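Okay, here's what each chain looks like letter by letter:
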Amino acid sequence: MASDDDRAPDTRDESAEKAGQPSTMDTLSVTAIRPPAPGGGPDLKVPTQPHKPKHAAGESPGDVLESKQGRLAERREAVRTWAGRPGGRTMVVGALILVMLALAFVGGRYIVPATAKPNAGASTTAIPEGTNGGGAGPETGNAPIPQVRSETPSYSPPPGTKERPADVLAVWAAPRAVKLDIPPVAMQAYGYAELITARTTPRCKLTWTTLAGIGKIESNHGRFNGALLQEDGKSVPTIVGPPLDGQSGRQAIRDTDQGALDTDKTWDRAVGAMQFLPSTWKQFGIDADGDGVIDINDIDDAALTAAAYLCADGRDLSTMEGWNAAIHAYNVPEEYRAAVFNAANDYGRRDRTG
């Protein structure tokens with residue numbers, strides 16, 4: 001129900017630095033072995049012939065190097081000869097394939113998961129029902145398209161009433177009413193409220209799916225408890241909620257209209273298809289169908305009034321923040337907001353895909 005207040009580095013290095021000594025991780029001391037300075041230190045006997053270990057070969061250093069180079073050349077030539085044979089070529093190709101497979105395994109095991117990991121701080125939990133996990137509100141459905149009078153199916157308003165302005169949406173509303181199980185007159189009222197709000201409060205970006213979501217949760221589009229929504233937009237019998245007497249989790253709100261709208265002179269009650277409180281209706285009520293009466297029981301008036309209420313305080317309902325704020329203003333509990341989101345999102349998705 002809508003109202004203003006009714007809703008409810010290594011430790012060893014550190015120690016070394018403190019002691020004034022260089023860190024073992026930063027510098028390595030290399031001891032240079034130098035010959036004794038001339039005339040300094042004890043006399044050293046230098047052998048006239050260099051010492052040759054017993055196991056050393058008799059070649060000179062140049063001979064050793066030349067011998068090693070020769071052996072390496074022989075081995076390279078043997079490898080080239082082997083690789084040139086059919087069997088060698090096959091083994092080389094196989095070795096290359098094994099190397100490539102190993103590289104692919106390493107890349108798949110370490111590189112790919114690293115790039116596929118979520119950003120730091122990103123949530124890995126599932127998105128709960130009742131939210132869309134993004135920055136926008138629920139699915140919006142297709143925009144209402146008015147038709148000129150000559151293209152609109154004939155409609156005879158009840159005696160004493162004027163033709164409904166929302167009838168310009170009869171062609172647009174008819175197939176959706178069947179597909180979405182919303183009475184045609186309610187479908188027209190929601191679409192008409194979107195059209196009017198787009199002109200009067202363009203910043204709000206309200207869509208009919210939000211109004212339909214609220215209408216679904218509040219009164220099943222004017223059909224609560226067996227009521228029937230008539231062609232003039234009124235439910236028979238009228239829909240009146242339970243007394244807001246503080247019982248069963250309800251807020252306690254004393255009567256504000258002497259029972260004129262809700263027939264209760266002790267407690268306030270929510271009234272009509274969109275379940276407005278008398279005090280809220282007095283502040284926001286709008287005559288949407290031009291019959292000269294601001295009727296809380298008329299879904300045309302109630303839908304456009306709900307649109308004005310949701311768009312109050314400069315809210316932008318195209319953002320999740322603005323949408324949530326609007327629904328919480330209509331009714332406080334989080335369960336209510338989630339239920340309206342799910343209903344509105346379902347209508348929008350079905351309308352776009354069906």
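What comes next concerns the included structure. (Residues numbered from 1 in each chain as written. Predicted model: local features only at pLDDT ≥ 70, side-chain atom pairs only at ≥ 80, totals over all residues. Heavy atoms only, no water.)

Below, the discussion takes up the environment of L169. Mapping L169 onto the fold places it in the loop between α3 (86–116) and α4 (170–180). Measuring from C-alpha to C-alpha, the distance between L169 and P144 comes to 7.0 Å, with 25 residues separating the pair along the chain. Leaving out residues up to four positions away in the same chain, L169 has contacts with P144, I145, P146, Q188, G191, Y192 and L195. (Helix = DSSP H or I, 4+ residues; strand = E, 2+ residues; numbered from the N terminus. Contact = heavy atoms within 4.5 Å.)

Let us now look at unusual backbone geometry. Across the junction of V236 and P237, the peptide omega takes the value -5°, indicating a cis bond. Mapped onto the fold, P237 is located in the loop between β2 (235–236) and α7 (278–284). The phi angle at K205 is positive, at roughly 60°, despite the residue not being glycine. Here K205 shows up in the loop between α5 (184–200) and α6 (208–219). With a relative accessible area of 44%, K205 lands in the partly exposed category. The phi dihedral of Q258 falls on the positive side, at around 55°, and the residue is not glycine. Mapping Q258 onto the fold places it in the loop between β2 and α7. (Buried < 20%, exposed > 50% of the residue type's maximum accessible area, 1.4 Å probe, protein only.)

Every buried residue of α4 is listed here: A170, W172, A173, R176, A177 and L180. Down the axis of α4, the sector holding all buried residues measures 140°, keeping them to one side. Contacts made by the buried residues of α4 are with α5, α6 and α10 (334–353). One or two residues past the end of α4 sits D181, with phi positive at roughly 55°. (Arc of directions from axis to C-beta.)

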